[in-house]
Amino acid sequence: MMRPRNIPPIRLTRRIAAALVLLVFTMGRDATPVEPWSRPGAPAQSPLIPSPALRPPALFAAGRHFVDPTGRVVILRGVNVTGDSKVPPFRPGLTAIDFARLQGLGMNVIRLLFLWEAYEPQAGYYDESYLAELQATAEAAWAHGMYVVIDIHQDGFSRYTSRGSGDGFPAWAVSRRGRPSTPDNSPSSRYWPVLMATDPTTHRSFQDFFTDALGVRTRYLLMLSRISVRFAETQGVIGYDLMNEPWGDEEHELAPLYQDATAVLRAQHPSAIMFLEGHVTTNSGLQTKLPPPRFDGVAYAPHYYKPLTLAINRWYGSPTTAQHAFANMTAKSHEWNVPLFLGEFGVGAGTRNAGGYVAHLYDRLDACLASGAQWNYTPRWNDQTKDGWNGEDFSILDPAGTIRPNFRPRPYPRHTAGTPLLFHYQDASQGGCGLSFAWEHDPSRGDTEIFVPNLIFPRHAAITCSPSDAVCWRDEARQLLVCRATRPTTIRVQMTPSAY
């Protein structure tokens, strides 16, 4: 997401109002006739293996929880990678050092960007080296204890729409009823949401996509089929976010797309979890109108960014907007009876009180025992191009691995042997420091593991647990608090630095 800078509030309000007025018109069906075009025939079969050997799933979606093969409830906490892979050369470029850093921060999931333009730059031509690098990246993440969600990423359709500020779809997918843009993902495009919302070519391209006017929807499904062959045989890949921040009617365009995409992906990758997002405007906390999916193995995967905080580059501490957004998100996950995975959230590192704002969002995730991946980690971040796309500056680490002001390591219950009931963490800035966790323990599922950063909890931190026959101990090497009991019971554990 963007972080606008130095826009007077009145001017910003006028820009947003103008964008919304235009959006009302551009989102409607365009009456311009589509020029004649025959749908492409089925391309030649991929040389890839047609049907991979089935690999036991690393994670399931069971009711409102993610569950591992032992039956333990898993909460996912991690980061999106990488901000600069939206633009050429598109490669994430992550190394073992990067994954060791993320592992040390307690992360157990990455949301890995996949750019269709990078894989199929020309219709029918596939860059398999790009796919191979993403597969290697996923394998490296799994080797460091991180699950992988493949994010079919786009913003504003394409680099050739949204007045050059977008990303995702290839140039050949742009509507022939529009006027293609010249890509410009430099800091001069930092107001990209306005450029996206006011570009008729962006909306016409989405309209043509959903109607399959040029066969682009057909090719999108073929692309999903091809990549699923590779990712189905890649350890740690648990599923797919079918389209990042999409435009389109949620009931009549997005839901049917998700249905078709799921069928295609599951043909090769039967255990894959589908991470579903609503219309891009739900990023502000609005409730989605997506109907309940007609297939299982689903996670509701919205994003959340507070518009005012992004607009004025500061957070004043009000919890109201985020509380309303999380109420909407949790209500939808409860309605569908699926896990909540907040696919993107965060703020620019230069935002005033950035740390407090991000901690507030993690507090909300803890309160609803939800999973999430912060936006983002860009190893090639620098002072000039920042995250490398439209002047964004959201990377949580600098190239030396130093934590930036928009992130704070914090504990969370990673694996629960039973049903989690309540988790709460309070850091020193909130008047204290410590965690409390309660769960209905099931001894048949093994040990419960809570990530406890050594940076926060020193060697002699105080640990208390009940009932008396429950035992908890510190594993400093893995930064874990491990708990077990021999009988079904409700276990409660608290941990504080010894000074408190």
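Residues numbered from 1 in each chain as written. Predicted model: local features only at pLDDT ≥ 70, side-chain atom pairs only at ≥ 80, totals over all residues. Heavy atoms only, no water.

- The name given to the chain in an unreviewed UniProt entry is Cellulase family glycosylhydrolase, with the source organism recorded as Singulisphaera sp. Ch08.
- Per UniProt, the chain carries the Sequence similarities (unreviewed entry) text "Belongs to the glycosyl hydrolase 5 (cellulase A) family." (UniProt positions renumbered as here; feature names shortened; annotations may be inferred.)

1. Points about the environment of Gln494
Right, so step 1: Residue placement: Gln494 occurs in strand β21 (residues 489–496).
Right, so step 2: Between the C-alpha atoms of Gln494 and Cys472, which are 22 residues apart in sequence, the distance is 10.0 Å.
Right, so step 3: With residues up to four places along the chain from it excluded, the contact list for Gln494 reads Leu435, Ser436, Ala462, Ile463 and Thr464. (Helix = DSSP H or I, 4+ residues; strand = E, 2+ residues; numbered from the N terminus. Contact = heavy atoms within 4.5 Å.)

2. So, the environment of Arg217
Right, so step 1: Structurally, Arg217 is set in helix α7 (residues 216–232).
Right, so step 2: Along the primary structure Arg217 and Leu257 are separated by 40 residues, whereas in three dimensions their C-alpha atoms are 8.5 Å apart.
Right, so step 3: Excluding residues that lie within four positions of it along the chain, Arg217 makes contacts with Phe209, Phe210, Asp212, Pro256, Leu257 and Asp260.

3. A look at the packing of aromatic side chains
Right, so step 1: Counting across every chain of the model gives 26 aromatic pairs.
Right, so step 2: Ring centres of Trp116 and Trp172 lie 5.4 Å apart, and the angle between their planes is 85°; on these two criteria the pair is classed as edge-to-face. Of this pair, Trp116 sits in helix α3 (residues 116–119) while Trp172 sits in the loop between β6 (147–152) and α5 (192–197), placing them 56 residues apart in sequence.
Right, so step 3: A relative accessible area of 23% places Trp172 in the partly exposed class.
Right, so step 4: Centroid distance Phe275 to Phe341: 5.2 Å. Interplanar angle 70°. Geometry classified as edge-to-face. In this pair, Phe275 sits in strand β8 (residues 273–276) while Phe341 sits in strand β11 (residues 341–342), placing the two residues 66 residues apart along the sequence. Across the pair, exposure class does not vary: Phe275 and Phe341 are buried alike.
Right, so step 5: Pairwise contacts between aromatic rings join Trp116, Phe157, Phe169, Trp172, Phe206, Phe209, Phe210 and Tyr220 into one cluster.
Right, so step 6: It is Lys86 that lies over the ring of Trp389; its NZ or CZ is 3.5 Å from the centre.
Right, so step 7: Lying across the ring of Tyr126, Arg226 places its NZ or CZ 3.7 Å from the centre. (Phe/Tyr/Trp six-rings, centres within 6.5 Å; stacked < 30°, edge-to-face > 60°. Buried < 20%, exposed > 50% of the residue type's maximum accessible area, 1.4 Å probe, protein only. Lys NZ or Arg CZ within 6 Å of the ring centre and 35° of its normal.)

4. Structural notes on unusual backbone geometry
Right, so step 1: Geometrically, the link from Val81 to Thr82 is a cis peptide bond, its omega value of -10° lying close to zero.
Right, so step 2: Looking at the element boundaries, Thr82 is found in the loop between β4 (77–81) and α2 (96–104).
Right, so step 3: The omega torsion of the bond from Pro88 to Pro89 falls at 10°, within 30 degrees of zero and hence cis.
Right, so step 4: For Asn313, which is not a glycine, the phi torsion comes out positive at approximately 65°.
Right, so step 5: The residue Asn313 is located in the loop between α9 (307–312) and α10 (320–336) in this model.
Right, so step 6: Phi at Leu369 takes a positive value of approximately 50°, unusual for a residue other than glycine.
Right, so step 7: Within the secondary structure layout, Leu369 lies in the loop between α11 (354–367) and β13 (371–377).
Right, so step 8: Leu369 sits in the buried class, given a relative accessible area of 18%.

5. A look at the nonpolar core
Right, so step 1: Phe114 and Tyr220 are the most contacted members of the largest nonpolar core, which totals 90 residues.
Right, so step 2: With 7 residues, the top contributor of residues to this core is α7.
Right, so step 3: Judged by nonpolar contacts, the second largest core, of 23 residues, contains Cys433, Ala461, Cys472 and Ala485. (Core = buried A, V, L, I, M, F, W, Y, C linked by side-chain atoms within 4.5 Å.)

6. Digging into helix α4 (residues 128–143)
Right, so step 1: When the terminal C-alpha atoms of α4 are compared, their 22 Å separation across 16 residues agrees well with the 22 Å that a helix rising 1.5 Å per residue should span.
Right, so step 2: When we look at burial in α4, the residues that qualify are Tyr130, Leu131, Leu134, Gln135, Thr137, Ala138 and Ala141. Considered in projection along α4, the buried side chains sweep an arc of 155° and stay on one side of the axis.
Right, so step 3: Those residues of α4 hidden inside the fold are in contact with α2, β5 (109–114), α3, β6, α7 and β7 (237–241).
Right, so step 4: Directly after α4, the chain includes Gly145, whose backbone phi takes a positive value near 80°. (Expected span 1.5 Å × (residues − 1). Arc of directions from axis to C-beta.)

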